[in-house]
Amino acid sequence: MPVMAVPAGGVVADVVLAGAGGIRAPAEVFQRIFLVFLALGTLVGTVVITYTLYNAYKYRYREDVDPAPDAERPQMGELPEGGGKGKKLFLSFGLSAVIVLSLVAWTYGALVMVEEGPSQSAGQEELESLEVHVEGYQFGWEYTYPNGHTASTLRVPVDRVVNVSVTSRDVFHNFGIPELRIKTDAIPGQTNDAWFIAEETGTYTANCYELCGQGHSYMQTDVVVMEQSAFDDWYSNTNGTQAATNGTDGDTTEADL
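As the structure is a prediction and not an experimental result, all values here were calculated from the model.

Hey, could you run me through the overall build of the chain in this one?
Helices and strands together make up the secondary structure of the chain, namely three helices and 12 strands. Counting across all 257 residues of the chain, residues that qualify as buried make up 35%.

Following this line, the structure appears as structure tokens:
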């Protein structure tokens, strides 16, 4: 598994997605796509239904009123003439094609961004993303950092791209942190990649969302989001160590391997 070095400096450039309005996780991209399609679908449906009801009312049958007295109605067997020669039809199909193709292109670009991950903001010194290997097992999660440090609690810096490669050592699991909008499968012999950006410091919970045995409901760990300087201090003391849970509140101490 390729990993990237974590810089030790405490000065962090703001992390945003280029052209994506500060998206913090792939789930937000999918939500934005859904909302755009929902808004356009509602708009088109409203226009079509309104136009249909308007014409149904305007040209409704009335015995004493001709709704279109100036219209030249063709006789039996006569082909209709006039009517704009298909201009309305061409215009409607042309606008529909432009809208559909624009949506396809925009959606494709958004999905490519999800696959490739976020980029740093333009004009600032790039800060490498934090790479963490996540391995699920019955019934817990193990996190491995680029320097080889392993822990049962995931610690990440705030406003920093975190790439996680998720797998399992036994059965199917599903790794998810609802508050950070990240969720992906943990499959034995396969690695799934995901990413997120934690916007606020605090302690969150990572759960398993795939029924994996009797201890499934207990398969959760803390996710601690820290200021960059605090994370740098913690990370600099983890070289060649493995975290051991103290068995009380989930805090960890370091023991040499």
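Now that the structure has been shown, the text picks up again.
Would you explain the confidence of the model for the chain in this entry?
If pLDDT is low for a region, its predicted coordinates should not be looked at in detail. Looking at the chain, pLDDT values average 78 and 74% of them are 70 or higher. Note on residues 120–125: pLDDT is under 50 here. Beyond four places in sequence and across chains, it has 10 contacts.

Would you mind showing me how to read the packing of aromatic side chains here?
For any pair of aromatic rings, the description rests on two quantities: the centre-to-centre distance and the angle between the ring planes. Enumeration over the complete set of coordinates arrives at seven aromatic pairs. Look at Trp141 and Phe175: their rings are 5.0 Å apart centre to centre, the planes differ by 75°, and that puts the pair in the edge-to-face class. Placement of the pair is Trp141 in strand β2 (residues 140–144) and Phe175 in strand β6 (residues 173–177), with a sequence separation of 34 residues. Seen in terms of ring centroids, Tyr145 and Tyr235 are 6.0 Å apart; in terms of plane orientation they differ by 65°. Their pairing is edge-to-face. One end of the pair, Tyr145, is in the loop between β2 and β3 (150–151); the other, Tyr235, is in helix α3 (residues 228–236), with 90 residues separating them in the sequence. Taken together, the ring pairs connect Tyr145, Phe231, Trp234 and Tyr235 into an aromatic cluster. The lysine or arginine in question, Arg60, covers the ring of Tyr57, its NZ or CZ lying 4.0 Å from the ring centre.

Sorry if this is basic, but what is going on with the nonpolar core here?
Among soluble globular proteins, nonpolar side chains are generally buried collectively. With 33 residues, the main nonpolar core has Val132, Tyr143, Tyr145, Val164, Ile177 and Phe196 as its most contacted residues. Looking at this core element by element, the count peaks at four residues for strand β10 (residues 220–226). If sequence neighbours within four positions are ignored, Tyr145 has contacts with Leu130, Glu131, Val132, Thr153, Leu154, Arg155, Phe231, Trp234 and Tyr235. Judged by nonpolar contacts, the second largest core, of six residues, contains Ile33, Ala110, Met113 and Val114.

It is not clear to me how the environment of Ser168 should be interpreted in this structure. Could you clarify?
Within the secondary structure layout, Ser168 lies in strand β5 (residues 161–168). Residue Ser168 is classed as buried on the basis of its relative accessible area, which comes to 5%. Counting along the chain gives 22 residues from Ser168 to Gln190, while the straight-line C-alpha distance between them is 7.8 Å. When neighbours within four sequence positions are excluded, Ser168 is seen to be in contact with Glu135, Gly136, His173, Ala186, Ile187, Pro188 and Gly189. A polar contact is formed between the side chain of Ser168 and the backbone nitrogen of Asp170, at a distance of 3.2 Å. Polar contacts involving the side chain of Ser168 include one to the main-chain carbonyl oxygen of Val171, which spans 2.5 Å.

What's the story with the pattern of salt bridges in this structure? I'm lost.
For side chains of opposite charge, pairing can occur when their charged atoms come near one another. Counted by the stated rule, this structure contains two salt bridges. Residue Arg169 pairs with Glu135 through a salt bridge whose shortest N-O separation is 2.9 Å. Placement of Arg169 in the loop between β5 and β6 and of Glu135 in strand β1 (residues 130–137) is noted, with a sequence separation of 34 residues between them. Here Glu142 makes a salt bridge to Arg169, at a shortest N to O gap of 3.4 Å. With Glu142 in strand β2 and Arg169 in the loop between β5 and β6, this residue pair connects regions lying 27 residues apart in the sequence.

Conventions and cut-offs
- Residue positions are given per chain, counted from 1 along the sequence in the order it is written.
- Local features in this predicted model are restricted to residues of pLDDT 70 or higher, and side-chain atom pairs are both shown and tallied only at a pLDDT of 80 or more, whereas totals for entire chains, interfaces and linings draw on every residue.
- Calculated side-chain values reflect all of the structure's heavy atoms, with hydrogen atoms and water omitted.
- Secondary structure is summarised from DSSP: a helix means a run of H or I of at least four residues, a strand means a run of E of at least two, and numbering begins at the N terminus for each.
- To sort residues, take the accessible area from a 1.4 Å probe on protein chains only and compare it with the maximum for the residue type: under 20% means buried, over 50% means exposed, and anything in between is partly exposed.
- As a per-residue quantity, pLDDT reports the predictor's confidence and falls between 0 and 100.
- Whether two residues are in contact is decided by their heavy atoms, any of which lying within 4.5 Å being enough.
- Each aromatic pair joins two rings of Phe, Tyr and Trp (for Trp, the six-membered one) with centres within 6.5 Å, and gets the label stacked for planes under 30 degrees apart, edge-to-face for over 60, and tilted for any other angle.
- A ring is scored as having a charge over it whenever the NZ atom of a lysine or the CZ atom of an arginine sits within 6 Å of its centre and within 35 degrees of its normal.
- The nonpolar core is taken to be a set of buried Ala, Val, Leu, Ile, Met, Phe, Trp, Tyr and Cys residues, with the residues joined through side-chain atoms within 4.5 Å.
- The definition of a polar contact used here is a pair of N or O atoms within 3.5 Å, where within protein one atom must be able to donate a hydrogen and the other to accept one, and adjacent residues in sequence count solely through side-chain atom pairs.
- Salt bridges are counted wherever a side-chain nitrogen of Lys or Arg sits within 4 Å of a carboxyl oxygen of Asp or Glu.

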